[in-house]
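Here is what each chain is made of, one letter per residue.
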Amino acid sequence: MRPIRFAVFALAALVVLSLGFALIPAEKPAPAEPPFSERARAAAFSAALDLRAAGMQLASVGAADSTAVDPVVTLLTIQARALMPPSAASVTGAPTGPAGGPPQASPQAGASPASVAGPRNTAELVQALATSGTIRLRDAETADGGMARLLAGAGTAQLIAAGRLAAAAGVPAPQGTPGPDAEAPGTAAAASPCPSPSVQAMLSPAPSGTPASAPPASAPSVSAPSAKDSAAPGTAPGTRQALAAAVSAEQRAVYGYQAALPRLAPAEAGPASEFLGVHKDLAAAAAERLRAACGGPVPQQPGYVLDPGFLAAPAAGLGKLEATTLASYGDVVAVSQGQDRTWALAALRSAAGRALRWGADPGPVPGLLLDTGQLPALPAGTGLAPSPAAS
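Fair warning: this is a prediction, and the values are worked out from it, not measured in the lab. (Residues numbered from 1 in each chain as written. Predicted model: local features only at pLDDT ≥ 70, side-chain atom pairs only at ≥ 80, totals over all residues. Heavy atoms only, no water.)

Caption draft 1: Seen up close, the pattern of salt bridges. The tally for this structure, following the rule as stated, stands at 6 salt bridges. Between Asp 340 and Arg 289 there is a salt bridge whose closest N-O contact spans 2.8 Å. With Asp 340 in helix H12 (residues 338-357) and Arg 289 in helix H10 (residues 266-292), the pair connects residues that are 51 residues apart, well separated along the chain. In this structure Asp 340 comes out as buried when scored by relative accessible area, which is 18%. Between Arg 354 and Glu 322 there is a salt bridge, and its shortest N-O distance comes to 3.1 Å. One end of the pair, Arg 354, is in helix H12; the other, Glu 322, is in helix H11 (residues 314-335), and 32 residues separate them in sequence. (Salt bridge = Lys/Arg side-chain N within 4 Å of Asp/Glu carboxyl O. Helix = DSSP H or I, 4+ residues; strand = E, 2+ residues; numbered from the N terminus. Buried < 20%, exposed > 50% of the residue type's maximum accessible area, 1.4 Å probe, protein only.)

Rendered as structure tokens:
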């Protein structure tokens, strides 16, 4: 009898334990960390809001000249709208902008520059703008495609704004802000894995009617390249197309400077001559990278149609010409990786500095054609209060 009673108690205990385990809910897994690009976008959005609020605060209390700060606030407002996550944009009922997610800490730099301690004067605002711009450009080296282009343009524009604000306020400009003396990038292209021209000549079929010469006895046999071998390993066709467009843009810029030089005032001819050399170097560098990516050569056109009034106002025409090269380098940033992207980021900043030298506006996001009318509005109440992501 006792064994039966023991068995009954054991069965009852087993039932109770099983019911208890079934009723205890399992712990929810920790949410996955957002991708780097989303964290970089969220950090850029937070920084734009913080810097915007800081600029408005300084102008409202008279700690900064509103005429100098207002353009910076306008720029940061546009950038914040472009960087806004869809979750925030949906609150306003406006169209959504670039892809995003919930605001997170900066993936590389922690809190945004203005969230730790807001700028107390114009000089500190200048430094905070430059710091944010540098972080955005650094994040653009790693972010995905279109987000890299957006971050690169936002960072470049913030560095330009820092330089402009410093000049207007009479404070020193932070090192690295684009300006007339911005140097062209000098990163060398990687060694090309493509067949050399001599090997290509050996592989090319002889013209019709011409006997093909046999290779020397000591020459190693070379198999014909397949379609897979015709492109550099890891190089997407879009990268070759973007690099080819950059070569074309630089060739056009060289032509424009050559046409403008005889018509410029002596004070402007010196910088223009220097920039002409920069464009020749950029064209050669882009062509070298295109060859390293197994792209074909871009033929030099005999001439280009310049904008109406270019020869009558060559300085303004050069500014517009420089501004047109920004989109080409923005494309390279978006589709490339590694050294090609690093080179394109430097070229983008260099072009923005030259456009600024000739009085052209590189725009709120250089390298990206932005239709501000299609951007979502900032959420209601986004003003002098610190941004939600910074709190």
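Caption draft 2: View of the packing of H10 against H12. Where H10 meets H12, the closest approach of the two axes is 12 Å, and the angle between their N-to-C directions is 160°. The angle between H10 and H12 falls in the class roughly antiparallel. In terms of crossing hand, the pair formed by H10 and H12 is left-handed. The segment H10 lies against H12, with Ala 267, Glu 268, Pro 271, Phe 275, Val 278, His 279, Leu 282, Ala 285, Ala 286 and Arg 289 engaging Gln 339, Asp 340, Trp 343, Ala 347, Arg 354 and Arg 357. Of the residues that constitute the contact of H10 with H12, the class distribution is 9 nonpolar, 2 polar and 5 charged. (Axes fitted to C-alpha atoms, helices over the stretch in contact; angles between N-to-C directions. Parallel < 35°, antiparallel > 145°, perpendicular 65-115°, else oblique. Left-handed = near helix turned anticlockwise from the far one by under 90°. Contact = heavy atoms within 4.5 Å. Nonpolar A, V, L, I, M, F, W, Y, C, P; charged D, E, K, R; others polar.)

Caption draft 3: Main features of the environment of Val 333. As for its placement among the helices and strands, Val 333 is situated in helix H11. Filtering out sequence-adjacent residues up to four positions away, Val 333 remains in contact with Ala 148, Arg 149, Ala 152, Arg 341, Ala 344 and Leu 345.

Caption draft 4: View of the nonpolar core. Counting 65 residues, the largest nonpolar core has Phe 45, Leu 129, Leu 151, Ala 152, Leu 165, Tyr 329 and Trp 343 as the members making the most contacts within it. Where this core is concerned, the elements lending two or more residues are helix H2 (36-60), helix H3 (66-83), helix H6 (122-140), helix H7 (145-169), helix H9 (237-260), H10, H11 and H12. Here the element with the most residues in this core is H7; it accounts for 12 residues. Not counting chain neighbours up to four residues away, the residues in contact with Leu 165 comprise Ala 68, Val 69, Val 72, Thr 122, Leu 125, Val 126 and Leu 129. Core analysis: the second largest hydrophobic core is formed by 14 residues, Val 254, Tyr 257, Ala 259 and Ala 272 among them. (Core = buried A, V, L, I, M, F, W, Y, C linked by side-chain atoms within 4.5 Å.)

Caption draft 5: Local environment of the side chain of Ser 37. Mapped onto the elements of the fold, Ser 37 is located in helix H2. Residue classification places Ser 37 among the buried residues on the basis of a relative accessible area of 6%. Filtering out sequence-adjacent residues up to four positions away, Ser 37 remains in contact with Ala 143, Asp 144 and Met 147.

Caption draft 6: Here's a closer look at the environment of Ala 244. Position of Ala 244 relative to the elements: it lies in helix H9. Ala 244 sits in the partly exposed class, given a relative accessible area of 21%. Residues within four places of Ala 244 in sequence aside, it is in contact with Leu 290 and Val 298.

Caption draft 7: Region of the structure containing the packing of aromatic side chains. On inspection of all chains with the given rule, the structure shows 4 aromatic pairs. Taking 6.5 Å as the distance between ring centres and 90° as the angle between the ring planes, the aromatic pair formed by Tyr 257 and Phe 275 counts as edge-to-face. Remark: Phe 275 occurs in helix H10 and Tyr 257 occurs in helix H9; sequence separation between them is 18 residues. Of the two residues, Tyr 257 and Phe 275, neither departs from the other in class, the shared state being buried. For the ring pair Phe 275 and Trp 358, a centre distance of 6.1 Å and an interplane angle of 90° mean the geometry is edge-to-face. In this pair, Phe 275 is assigned in helix H10 and Trp 358 in the segment after H12, connecting sequence segments 83 residues apart. With a relative accessible area of 3%, Phe 275 lands in the buried category. Taken together, the ring pairs connect Tyr 257, Phe 275 and Trp 358 into an aromatic cluster. Above the ring of Trp 358, the side-chain terminus of Arg 357 is found at 4.6 Å from the ring centroid. (Phe/Tyr/Trp six-rings, centres within 6.5 Å; stacked < 30°, edge-to-face > 60°. Lys NZ or Arg CZ within 6 Å of the ring centre and 35° of its normal.)

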